[in-house]
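# Reading the structure
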Amino acid sequence: MGLLALGTPLEWRDAKKAADQVRQWGIEQLLAIWRRAKGKERDVLRWGDEIEYLVVAYEYQQRKVKLSLRQADILDALAKDVALQKQGGCVPELQNIAREGEPLPTFHPEFGRFMLEATPGKPWGIGFKDLLDVEPNMKWRRTIAKEHMEPNEYPITLTTFPRLGTRDDFITPYYPPSGDRLRSQFLPDEIANPHIRFPTLAANIRARRGRKVAINVPIFQDEHTAMPFQDPTVDYDLHKWPEDDDVRNGAAKEDHIYMDAMAFGMGSCCLQITFQAKNIIEGRKLYDQLSPLGPILLALTAATPIYKGFLADTDVRWNQISRAVDDRTPEELGEKPLHNDRWRLPKSRYASNSTYISQDPRLRKEYMDPELVVDEGIKQRLMDEGMDDLLATHFAHLFIRDPIVIFGEDLKELDLSKTDHFENLQSTNWQHMRFKPPPPDNSIGWRVEFRPMEIQITDFENAAFSVFIVLVTRAILSFDLNFYIPIPRTTENMETAHARDAVLNEKFYFRNDPLPPRPAKASANGHASGNTTPAAQPSRPATPTGPVEDEYSLMTIDEIINGQSSPSENSTKPFPGLVPLVESYLNSMNVDVQTRCDLARYLDLIRKRANGRYWTAAKWIRHFVRGHGEYQGDSVVSERTTYDLCMAVEEMTRCEGRSGEGVGWEMFMENKGMTRKRKGESACG
């Protein structure tokens, strides 16, 4: 979760007046970091993952399941656990305990009061043995969380709760909808974390926008789905708040599921990975090279086919969150001529990346976003202090946004030993990649956050995708890989990733040839431990020439992950595939047989998810609902269906399809009755 400061938040009318001051002070804090850390070198290679849970509460006799709003109680129970305190504690927001020995996982609040975030107690190293500790640690986190919940509660890793926002009592304790902050027809204010930042964020987004957020997701058209579909949960006669006019003015689209509050997006769970680079050069390179992979991993982890009790005709969450925090005014959206606002803004502040930042000679101007909006005054200020054009452009683009939550106490004096004003803008630009400068104390290095992946149902899957993207970064640096494509193509790919079964049925723009024109060594100094970052190549690669359009093609996810059998039309050789590239990297390192076999379990999941032999969570959930006894073929996901789905998800979390007979086997094996290999059993032969 982002910045969690305390103070007196300004209502939007006052925050708007202070926006320029916060932007200017934020840039000065950024420059202070830049001066201190731009030459920071040889940071230890570390990475970390973030897992988010939904906390559900079962009513077993009634066969119902609800979201539990006991986030604060669970965190308090974790913080007060004496045994955990002796091990250093696990709730940093509530404790200040010296940590010794093997640190406990840490738990954090999230936007929804029904959510928990869990991270490892310390960053992961880059050694191969460390990679194998991720899955057990994820299981440990879930166990600790469950032990501090009520007997009928469970932490599940679904992206969204299937009946969030329905007209029944889907939360416990129950609160009525349509409070002052969210002003939602469907959700109460109490569903959000009570920390003052969260309700203020929701209220000020709505106030800046001039109306409620409007989230419309296309309905899945099944055999008996009413067409045209009019969302039956929408109350067109509600007159409690001025924004209730939104639906009478067309906010709810035909043939779509309609939602009207930030919590429908920020109440979603995801899997995020953060990498610490050895220096700013390496960080900028990873930011650029991972960016085109975002839509591919989004489609590959698809897990969100239900919204507000209806099957949707999309499989992922991204656009729904984007719309849930879209604070753009009618002028910025292009619905009215510019008069009070400075720019038309093509994207929400939650969107795919719009910049490349690496000083890589292979970066062509033709790859850049032609619609990029930049605050030229801020860009010039950064360049006057020595920041290069690319990085100055990046931050000047982020700072076109207004700060949404401003605390009055923070406006009294600029403190260059802090980053509060910078983070105010940085942390509310939710792009699919995030470039993160070191903190003021320089204790950690330049970091890159990979943000597009959906949370997976099991810890095995979440570990597999975490390990895979880590290994991809090692292959990028080892082989000097080049995944550059024009930014507009990545933007298109993000849209394509939303399609139902996109992993099987859609094609994505991807670079034809990622390999440099000459061999690249796999390690920096001849050591093959997996603990080092390869040395920079001895000579700068040449700037590409020729039409940019010849550098990339439309490929299936299978081709991108597993490789092509024949070249694309505008290429001379087949794309090698991300998994084969990772395997080539592993072949170049001194990895023992058992470790290699354990890592192969994860690569096998990625490989077979891409070729369709293993199902995505989205496909399995849709199949489960459509095969349920209560399902009427009308796209409606009932209370009983949701109960049985959550029970099945809990069972899958424990068993992970190992028996080949249990629920969800389609996600882990090709044929019912097979037995999936456990850790420590050979997956190589």
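Reference entry: report on the structure contained in this document. Counting starts from 1 at the beginning of each chain's written sequence and moves along it residue by residue. Local features in this predicted model are restricted to residues whose pLDDT is 70 or higher, and side-chain atom pairs enter the listing and the counts only when it is 80 or higher, whereas totals over whole chains, interfaces and linings include all residues. Side-chain numbers here rest on the full set of heavy atoms in the structure, without hydrogens or water.

Another point: the environment of Asp 592. Secondary structure counts use DSSP, requiring at least four H or I residues in a row for a helix and at least two E residues in a row for a strand, with both numbered from the N terminus. Among the structural elements, Asp 592 can be located in the loop between α18 (578-587) and α19 (593-611). Throughout this description, buried means an accessible area under 20% of the type-specific maximum (1.4 Å probe, protein chains only), exposed means over 50%, and partly exposed covers the range between. A relative accessible area of 36% places Asp 592 in the partly exposed class. C-alpha separation for the pair Asp 592 and Lys 129, spaced 463 residues apart in sequence, amounts to 10.0 Å. Distance and chemistry together define a polar contact, namely a pair of N or O atoms within 3.5 Å, with one atom able to donate a hydrogen and the other to accept it when in protein, and with adjacent residues in sequence counting only for side-chain atoms on both sides. A polar atom in the side chain of Asp 592 sits 2.7 Å from the side chain of Thr 595.

So, about the state of the cysteines. Cysteine sulfur atoms are paired as a disulfide whenever they come within 2.5 Å of each other. Following the criterion strictly, the structure yields zero disulfides and no others. Cys 90 forms no disulfide, and the closest cysteine sulfur to it belongs to Cys 269, at a distance of 18 Å. Residue Cys 90 is classed as buried on the basis of its relative accessible area, which comes to 1%. With no disulfide of its own, Cys 655 lies 16 Å from the sulfur of Cys 646, the closest cysteine sulfur.

Attention shifts here to the nonpolar core. Residues enter a nonpolar core if they are buried and are Ala, Val, Leu, Ile, Met, Phe, Trp, Tyr or Cys, with the set joined through side-chain atoms within 4.5 Å. Counting 196 residues, the largest nonpolar core has Leu 187, Ile 191, Phe 468, Ile 561 and Trp 620 as the members making the most contacts within it. Per-element accounting of this core gives the leading share, 14 residues, to helix α14 (residues 459-479). Contact between two residues is taken to exist if any of their heavy atoms lie within 4.5 Å; hydrogens are not considered. Dropping the residues within four chain positions of it, Ile 561 is found in contact with Ile 296, Leu 300, Phe 468, Gly 577, Leu 578, Val 579, Pro 580, Ile 606, Arg 607 and Ala 610. Listed in part, the eight residues of the second largest apolar core include Tyr 484, Ile 485, Ile 487 and Tyr 552.

Aromatic ring pairs are defined here through the distance separating the ring centres and the angle between the ring planes. The rule is short: rings of Phe, Tyr and Trp, with Trp giving its six-membered ring, pair when the centres are within 6.5 Å, and they are stacked under 30 degrees, edge-to-face over 60, tilted in between. Applying the stated criterion to the full structure yields 22 aromatic pairs. With a centroid separation of 6.3 Å and an interplanar angle of 70 degrees, the aromatic rings of Phe 186 and Phe 264 are classed as edge-to-face. Taken together, the residues span a long stretch of sequence, with Phe 186 in the loop between β7 (171-172) and α5 (197-209) and Phe 264 in helix α7 (residues 263-266) at a distance of 78 residues. Accessibility expressed as a relative area gives 2% for Phe 186, which makes it buried. For the pair Phe 399 and Phe 422, a centre-to-centre distance of 6.2 Å together with 20 degrees between the ring planes defines the contact as stacked. Of this pair, Phe 399 sits in the loop between α12 (389-398) and α13 (420-426) while Phe 422 sits in helix α13, and the two are 23 residues apart along the sequence. There is no split in this pair, since Phe 399 and Phe 422 are both buried.

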